[in-house]
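# Summary of structural features
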Amino acid sequence: MGRSAANWSVTCIWLDDPKHKNAAHSWSIPYATDPEMEKNPFARSIECNVCRKEFSLFEGVKESFKSENPFVMRDFEFNARAIGTTTIVAGLKKDFRLQDKFAGRPEVYLTPQSPVIVAPALIHASGFSILSSSAGEAHTSANHTINWLVYGNYDDLSVPLWRRLLSDSKSHQARGEHRSEIVALESGVELFISEHLQHALQAKGVHQTTIDWVQRRGIEEKCSIWLREANGKSLSDVDQKLHSRWIKDLKKVRDAVVHKGKEVSSEEAIKARDAAISVIVNVCPKALLHFRIGQVERRIEAESSDKTD
Ligand SMILES: [Zn+2]
């Protein structure tokens, strides 16, 4: 295992195409430094592996961010991912130690290469164990090759707080808790706007006392007057329809959850995810970089301990 390389998770936006029936919808593409993409993720064209139609990098990542697929969700919940292979003896516990500790409990997935029953167990911030039992065929070899996959979060300061809130929204989504998901999504968007204004107004030489005052204004005023001051364009100058969609599909839904305990359906949650990532990337196209898989690059080797029992 080397470094966890950064990838984009993309999903085709043409899933109605008959070629997508019983075929893959999502895949990941390696991240390569691409100054054109960083300026304009809306322009770079990707061809779908399945239907061969084209869409932009932003559209593909947005479709993945909206996805209900549990593996695609994980790509946005965690900032690091590791994949490896090991050999186990059926019936014996095998312990793994990860070189770097995660912030919290990672998710572990196991795929055996031959018939054997396996489960991850004793998962903690710096390791996990594999439990196994033979799948009934007494004459099969006791040794089995297992592919393992670990998703986790590093408590890395290079990941901004707004992005961590979006990771939280994905943990809620994975548990089907759409009300908490909506609250985390809108908090992530509002914090992103505040952090963006902080940097952009500072860069324009605006006095910190004024910036502090701006930060106490309401989010709608920040997105109109103050974004225009910072970027030259308010959110509705960039895209009037997007501004309205954000209010209707995300902000008002969040308000209704917080004030009235409103239930949120998965259809509403999908629209809210669309509004959240669209507002963020339209305000600052470079923010799309924070939606890569494996944002944090660090060694993530797992070693099996000598002892099996
Ligand atoms: Zn396609």
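Residues numbered from 1 in each chain as written. Predicted model: local features only at pLDDT ≥ 70, side-chain atom pairs only at ≥ 80, totals over all residues.

### Digging into the domain arrangement of the protein chain
Threshold: Residue ranges for the domains trace back to a domain assignment, done automatically or taken from a database.
What the domain assignment lists for the protein chain is domain 1 (7-77), domain 2 (81-152) and domain 3 (161-291). Computed over C-alpha atoms, the centres of domain 2 and domain 3 are 39 Å apart.

### Thoughts on unusual backbone geometry
Condition: Secondary structure is summarised from DSSP: a helix means a run of H or I of at least four residues, a strand means a run of E of at least two, and numbering begins at the N terminus for each.
Non-glycine residue Asn22 carries a positive phi angle of around 60°. Take Asn22: it is sitting in the loop between strand E1 (7-11) and strand E2 (26-30). Of note, the phi angle at Arg52 is positive, near 65°, even though the residue is not glycine. As for its placement among the helices and strands, Arg52 is situated in the loop between strand E3 (45-47) and strand E4 (54-56).

### Notes on helix H9 (residues 240-260)
Rules: To estimate the expected span of a helix, subtract one from its residue number and multiply by 1.5 Å. For a residue, the bend is simply the angle between two axes, fitted respectively to the seven-residue segment ending there and the seven-residue segment starting there. Put plainly, a residue is buried at 20 or more neighbouring C-beta atoms within 10 Å of its own, exposed at 12 or fewer, and partly exposed in between, counting only other residues' C-beta atoms, which are placed from the backbone. Contact between two residues is assigned when their C-beta atoms, built from the backbone, lie within 7 Å.
Between its first and last C-alpha atoms H9 spans 28 Å; for 21 residues at 1.5 Å apiece the expected length is 30 Å, and the two agree. The largest bend along H9 reaches roughly 35° and is located at Ile247. Listed in full, the buried residues belonging to H9 are His243, Trp246, Asp249, Leu250, Lys251, Val253 and Arg254. Tucked into the core, H9 has its buried residues touching helix H5 (178-203), helix H8 (235-238) and helix H10 (266-283).

### Details of the sheet that holds strand E7 (residues 107-112)
The strands making up a sheet associate through backbone hydrogen bonding, with each pair oriented either parallel or antiparallel. Inclusion rule: At least two DSSP bridges between two strands are needed for those strands to be called paired. Think of each axis as a best-fit line through the C-alpha atoms, taken over the contacting stretch in the case of a helix, with angles from 0 to 180 degrees between the N-to-C directions.
Spatial strand order, E5-E10-E7: three strands in an open sheet with antiparallel pairing. For this open sheet the edge positions go to strand E5 (80-89) and E7, each flanked by a neighbour on one side alone. When the angles between neighbouring strand axes are averaged without regard to direction, this sheet yields 25°.

### A short note on the packing of H5 against H10
Here is the rule: Oblique is the label for any angle not under 35 degrees, not over 145, and not in the 65 to 115 range, which are roughly parallel, roughly antiparallel and roughly perpendicular in turn. Polarity classes work like this: nonpolar for Ala, Val, Leu, Ile, Met, Phe, Trp, Tyr, Cys and Pro, charged for Asp, Glu, Lys and Arg, and polar for all others, with Gly in that last group.
The contact between H5 and H10 brings their axes to 10 Å, and the two run at 10°. Classed by the angle they form, the pair H5 and H10 counts as roughly parallel. Contact residues: H5 offers His178, Glu181, Ile182, Leu185, Gly188, Val189, Phe192, Ile193 and His196, while H10 offers Ser266, Ala269, Ala272, Arg273, Ala276, Val279, Ile280 and Val283. Its residues placed into classes, the contact of H5 with H10 shows eleven nonpolar, four polar and two charged.

### A few points about the nonpolar core
Defined as follows: Note on terminology: a nonpolar core is a set of buried residues of type Ala, Val, Leu, Ile, Met, Phe, Trp, Tyr or Cys, with members joined through C-beta atoms within 7 Å.
Ala276 and Ile280 are the most contacted members of the largest nonpolar core, which totals 42 residues. Looking at this core, the elements that each hand over two or more residues are E1, helix H2 (57-66), helix H3 (70-77), helix H4 (161-174), H5, helix H7 (219-231), H9 and H10. It is H10 that contributes the most residues to this core, nine residues altogether. Counting contributing residues, this core receives three or more from each of domain 1 (7-77) and domain 3 (161-291). If sequence neighbours within four positions are ignored, Ile280 has contacts with Val189, Phe192 and Ala287. Grouped together as the second largest cluster of nonpolar side chains are eleven residues, Ala80, Phe102, Val108 and Val150 included.

### Some points on H7
Because each turn of an α-helix spans 3.6 residues, side chains separated by three or four positions end up pointing in the same direction. Relative to the 18 Å expected for 13 residues at 1.5 Å per residue, H7 spans just 16 Å between its end C-alpha atoms, considerably shorter than the ideal helical length. In the structure, H7 departs most strongly from a straight axis at Ile225, where the bend amounts to approximately 35°. Looking only at H7, the buried set comprises Lys222, Cys223, Trp226, Leu227 and Ala230. At its buried positions, H7 is contacted by H5, helix H6 (208-215), H8 and H10. At the C-terminal side of H7, Gly232 shows a positive phi close to 90°.

### Points about the packing of H9 against H10
Here is the rule: Whether a crossing is left-handed or right-handed is set by the direction in which the near helix is turned from the far one by less than a right angle, anticlockwise for left-handed and clockwise for right-handed.
Contact pair H9 / H10: the axes reach a minimum separation of 9 Å and the direction vectors enclose 130°. Taken together, the axis directions place H9 and H10 in an arrangement best described as oblique. Between H9 and H10 lies a crossing of left-handed hand. Of H10, the residues touching H9 (which contributes Leu242, Arg245, Trp246, Asp249, Leu250 and Val253) are Glu268, Lys271, Ala272, Ala275, Ala276, Ser278, Val279 and Asn282. Here the residues of the contact of H9 with H10 are counted per class, giving eight nonpolar, two polar and four charged.

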